[in-house]
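One letter stands for each residue in the lines below.
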Amino acid sequence: MLDENFDYYKNARDNGGIIYNRENNCWEIYTYDACKYVLMHDDIFSSNPKYAGGTSGLSFINMDNPEHKDYRNIIAPYFMPTKINEMTSEISDISDKLIRNLNHDSDIVGNYAVELPVNVISQLLGIPEEDRTKFKEWSDYIIGNKNDENFGLINNYMIRKLSGLFSKNPENGIMSVINNGYINNKNLNINEKIGYIMLLIIGGNETTTNLITNMLKVLSDNDDMINNLNNDRAIHNFIEETLRYYSPIQFLPHRFIKEDTELNGISMKKGQRVSVFLGSANRDKNMFDNPDEFILRDRNEHIAFGRGSHMCIGAPLASPEAKIALNDFLHYYNRIKIDHKKSVILENPMVYGYKTMFFE
Ligand code: HEM
């Protein structure tokens, strides 16, 4: 997304913050309070596209409660901070290896920011070492980084591999809870099991990649910032502020109105779609003082991870990944300056981040 969209958001908020976009046939929500309201009222604003004539989909990000909760609860224990803490030394090892391999001409996105989360997810899932490259390639197709006729081949390969892993009845880890998942009196079928893995790939990769590059952008744009990052509290506040200021997901396009309703006095009709602009809510002056300034705030109730029942399950994993990445960049580089001529920004309005990033 380009920075000028922040001006568009501000204008939208100043004009009430709720706009009907005829071209996309969708309500766009820009203020903090209204975004939060939509996310918290999942009884009216469903995540299931079927309410707007779409198909339901297999993963729980598109389900409503109580079904959503049943599916989410199967893997939720693996994303508790206590469980994630067990992974920090593995995350550090992965980061250390990647950062040591960078040189002056390396693209930081391709060689570090993409690699860290995909390797962490492989580790979390216990993908065997020899299949990591294929897993990475499969992820690239799933998240849309790659799009060609080879998808069929690699997709079949990975589905065979993963089915093989499940059939061996993994004893520990997240694969075992997915394998033993039991809902509505029956075991999950193989499509549902693979659906979980795809959801973790979609949810956990590009988002974390962009958080990492966005932190580097802040450091590059603010020469003095590095001097403030000398304790855990400051590092924590820096990561949270990056999530607020440059939210990796700028809007969630998937809420669907289940019954006629009203929001801030505006009538909305059953079957209409709603887009929730997290990136705008996070710049709302009614919630944040000086919202267009990057400040190491002690109180920062941004909604970059969403809110309510679908709030990001992976946030406890994204945070240590970001922390380790930041500490490593601060350790290995005494100067972080992006070469803006060589680096390329992602122009997709849904995300904030870089396609490639090179240092001067
Ligand atoms: C900076 C990194 C991340 C950001 C900004 C982010 C953002 C979000 C947001 C906004 C949602 C809410 C979606 C909704 O309400 O419909 C969400 C949900 C989700 N995220 Fe993340 N995410 C991040 C990292 C991760 C990671 C590391 C994982 C897993 C490895 C992950 C897995 C998920 C899943 C499975 C959901 C669906 C939750 C549900 O529907 O109950 N995310 N994420």
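The structure we're discussing is the one just above.
Residues numbered from 1 in each chain as written. Predicted model: local features only at pLDDT ≥ 70, side-chain atom pairs only at ≥ 80, totals over all residues. Heavy atoms only, no water.

## Considering the pattern of salt bridges
Consideration 1: Summed over all chains, the structure comprises 15 salt bridges.
Consideration 2: One salt bridge connects Glu 86 with Lys 83, and the closest N-O pair in it is separated by 3.8 Å.
Consideration 3: Note on Glu 86: relative accessible area 55%, which makes it exposed.
Consideration 4: Several salt bridges share partner residues, and in doing so they unite Glu 241, Arg 244 and Arg 297 into one network. (Salt bridge = Lys/Arg side-chain N within 4 Å of Asp/Glu carboxyl O. Buried < 20%, exposed > 50% of the residue type's maximum accessible area, 1.4 Å probe, protein only.)

## Considerations on helix 5 (residues 88–100)
Consideration 1: Under the 1.5 Å per step criterion, the end-to-end length of helix 5 is 18 Å for 13 residues, consistent within 8% with the ideal 18 Å.
Consideration 2: Taken together, the buried positions of helix 5 are Ile 91, Ile 94, Ser 95, Leu 98 and Ile 99. On an axial view of helix 5, the arc spanned by its buried residues comes to 125 degrees, and they lie on one face. Turned more than 90 degrees away from the buried face of helix 5, the exposed residues are Asp 93, Lys 97 and Arg 100.
Consideration 3: Those residues of helix 5 that are buried are in contact with helix 6 (108–113), helix 7 (115–125) and helix 16 (315–332). (Helix = DSSP H or I, 4+ residues; strand = E, 2+ residues; numbered from the N terminus. Expected span 1.5 Å × (residues − 1). Arc of directions from axis to C-beta. Contact = heavy atoms within 4.5 Å.)

## Some remarks on the pairing of strand 9 (residues 273–276)
Consideration 1: Note that strand 2 (residues 26–29) and strand 9 share four bridges and pair parallel. If you follow Cys 26 over to strand 9, its bridge partner there is Arg 273.
Consideration 2: Note: strand 6 (residues 252–257) against strand 9, three bridges, orientation antiparallel. Bridging across to strand 9, Phe 256 finds its partner in Arg 273. (Pairing = 2+ DSSP bridges.)

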